Every structure is written in structure tokens, then in C-alpha cells.
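Here is how the chains run, residue by residue.
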Amino acid sequence: MTSFDAGTPCWVDLTVADLEAGKRFYGELFGWTFEAGAEAFGHYTPALKDGKNVAALAPAQGGAPTAWNLYFSTPDVAGLARRVAEAGGKVTGGPFPIADAGTVLQAVDPGGAAFGAWQPGTRAGFELQGAPGSFFWPEIYTRAKADVDPFYETVFGFNGQQISEGTEFDFKLWFAPGAQQPTAGRLQMGAFIPEEVPAHALVYFSVEDTDATVAKIRELGGSVSREPSDSPFGRSALVSDDQGARFAVMGPVKDAS
């Protein structure tokens, strides 16, 4: 079983109003196939890429918004729940076991962004990541960095590295304890993001060709909030699926030739 260091992203799932429509969209976009969702677990539907677990889709319950959800690995979900409360966040669900697969916690940070934590049992999380059609990178989008930065650094023990600061682009990298590579990023949302966009965890997926993927998203009824652009990390775009769930895609930098 794949293992994940404490504080590292280990899973993503999509809360979706129309499960079948979600399967069609992501099946065509990323080439995912889907296992049958068990009725006992609310038809929670694992998504596979090349036969390996990469995500899941879950029918929305009780008016939950259509959104991608991010989970961090933890060896002690009960202890993490206490730290969430002590650091100014709020536990919104759990901890509760999912059969023998593991124990899940759902929470909200002080800025209002939802996230989850997972203590593994028989399932640790991703079986594939970083390859096209799988999870690539997470960022926390917030309007309250003064509260959110110390929250994550306390709850998960992240070390922070401020990359850019100011009204145009205020971005910070977080490193899990002992990590040499960044674990996640934090973006302070400014005037460049509409006020109606709430704080959220933004999930990036790896793709072979960002421009072709964006064209496919439009073809499938999705939308684009930031067109493809190059960065030191690759060529990315901010998009939404045909039910409004925000996510991002990242591929190689475009060949200037």
C-alpha cells in the first residue's frame, strides 16, 4: 500500500449534484473509469486512471455545494481534530471510520475554506498522482491570510516560504515537516478574483497539453476563469466543470517555437 507522510495531500473527491453527469464529464476529460458506488456509503464512486485510484465522486447531500474536496494524511485524526479547534478552525464532520478503509475528518479553516484529513486503514489514498489525468498540486485560496497561515502551520506543522507579497500576487509555499519539496500553496485572493468566489481548496490535475484540455473543457460544457499561461512550474489554467466545480489543470510549458 502506498504511504503518505503526515500533512501531505493524499486524496481528492468531488461533491456533485448529478453523479452521472460528473462521470461523463471527467471520464471524457481525463479518461477516468469508475467503480460502482456502494449504496451503504452514499454511492461514493471511486475514479480510476489506468486501473489505479485517483479520485472519487460523491452525490451531494443536504444541499452541499458542487466542489472538489482535498484531504491531508494524518496518523492521528483525533489529535488533528483537537488542533483544528484550538487553532481557530471548525470540525464539520467526524472523525468517523469508513469501514476498514480509514477514518475521515472534515473541517473548515478560519478563512472559510473546507478541507479534510484521512487516517489510513486499508486505503492510504492516491494510487497514482503527478501523471496526466491524476492529482498534481493543491492550493488554499483565502481572503484571510493573517488567520489562515498560522492555522495550517500549527495544525499540520507546515513551514512557510513567502514567494510573493502584495495586492497583485500574494503567494506562500508550505512544506510538511522534513519535506524538501513544497506540499501545498496559499493564495491571498485579491481584486482579480470576483468577491462571490468563496475561500476554497483548489485542486490541480496534471495534463499532457493544457491548451487542448481547456478546449475539451469548453466542448464538454465547462468554463474557463483563467486562460492557459506559463509559469516556472508549467502551463496552467483555472477552469470549472459543467456543474460549476472549480479546479485547475497543469501541463508542460508551451513550446515557443
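Predicted model only: the values in this text are computed from it and were never measured.

1. A short note on the overall build of the chain
A tally of helices and strands in the chain yields 4 helices and 16 strands. Overall, the C-alpha framework of the chain stretches about 50 × 45 × 35 Å when taken along its three principal axes. Across the chain, the fraction of contacts at a sequence separation of at least 24, relative to all contacts at a separation of at least 6, is 58%. By element, 52% of the accessible surface of the chain is carried by carbon and sulfur atoms, the whole surface being about 11800 Å². One way to put it: in the chain the 18 positive side-chain charges average out to a point 1 Å from where the 31 negative ones average out.

2. Details of the confidence of the model for the chain
Looking at the chain, the pLDDT average stands at 93 and 96% of residues meet or exceed 70. Put simply, strand β10 (residues 159-164) is where the chain has its lowest mean pLDDT, 90, and helix α4 (residues 210-219) is where it has its highest, 98.

3. A closer look at the pattern of salt bridges
What the rule picks out here adds up to 11 salt bridges. Between R186 and D149 there is a salt bridge whose closest N-O contact spans 2.8 Å. One end of the pair, R186, is in strand β12 (residues 184-188); the other, D149, is in helix α3 (residues 145-155), with 37 residues separating them in the sequence. With a relative accessible area of 0%, R186 lands in the buried category.

4. Structural notes on the sheet that holds strand β6 (residues 90-98)
Across the sheet, 8 strands lie side by side as β2-β3-β4-β1-β5-β8-β7-β6; this open sheet has mixed pairing. Strands with a single pairing partner mark the edges of an open sheet, and in this sheet they are β2 (33-34) and β6. Bridge count between strand β1 (residues 9-16) and strand β5 (residues 67-73): 6 bridges; the pairing is antiparallel. Along β5, the bridge assignment pairs T15 with A67.

Analysis parameters
- Residues numbered from 1 in each chain as written.
- Predicted model: local features only at pLDDT ≥ 70, side-chain atom pairs only at ≥ 80, totals over all residues.
- Heavy atoms only, no water.
- Helix = DSSP H or I, 4+ residues; strand = E, 2+ residues; numbered from the N terminus.
- Contact = heavy atoms within 4.5 Å.
- Areas by Shrake-Rupley, 256 points an atom, 1.4 Å probe, with all protein chains shown as cover.
- Lys, Arg positive; Asp, Glu negative; His and termini not counted.
- Charge placed at Lys NZ, Arg CZ, Asp CG, Glu CD.
- pLDDT = per-residue confidence, 0-100.
- Salt bridge = Lys/Arg side-chain N within 4 Å of Asp/Glu carboxyl O.
- Buried < 20%, exposed > 50% of the residue type's maximum accessible area, 1.4 Å probe, protein only.
- Pairing = 2+ DSSP bridges.

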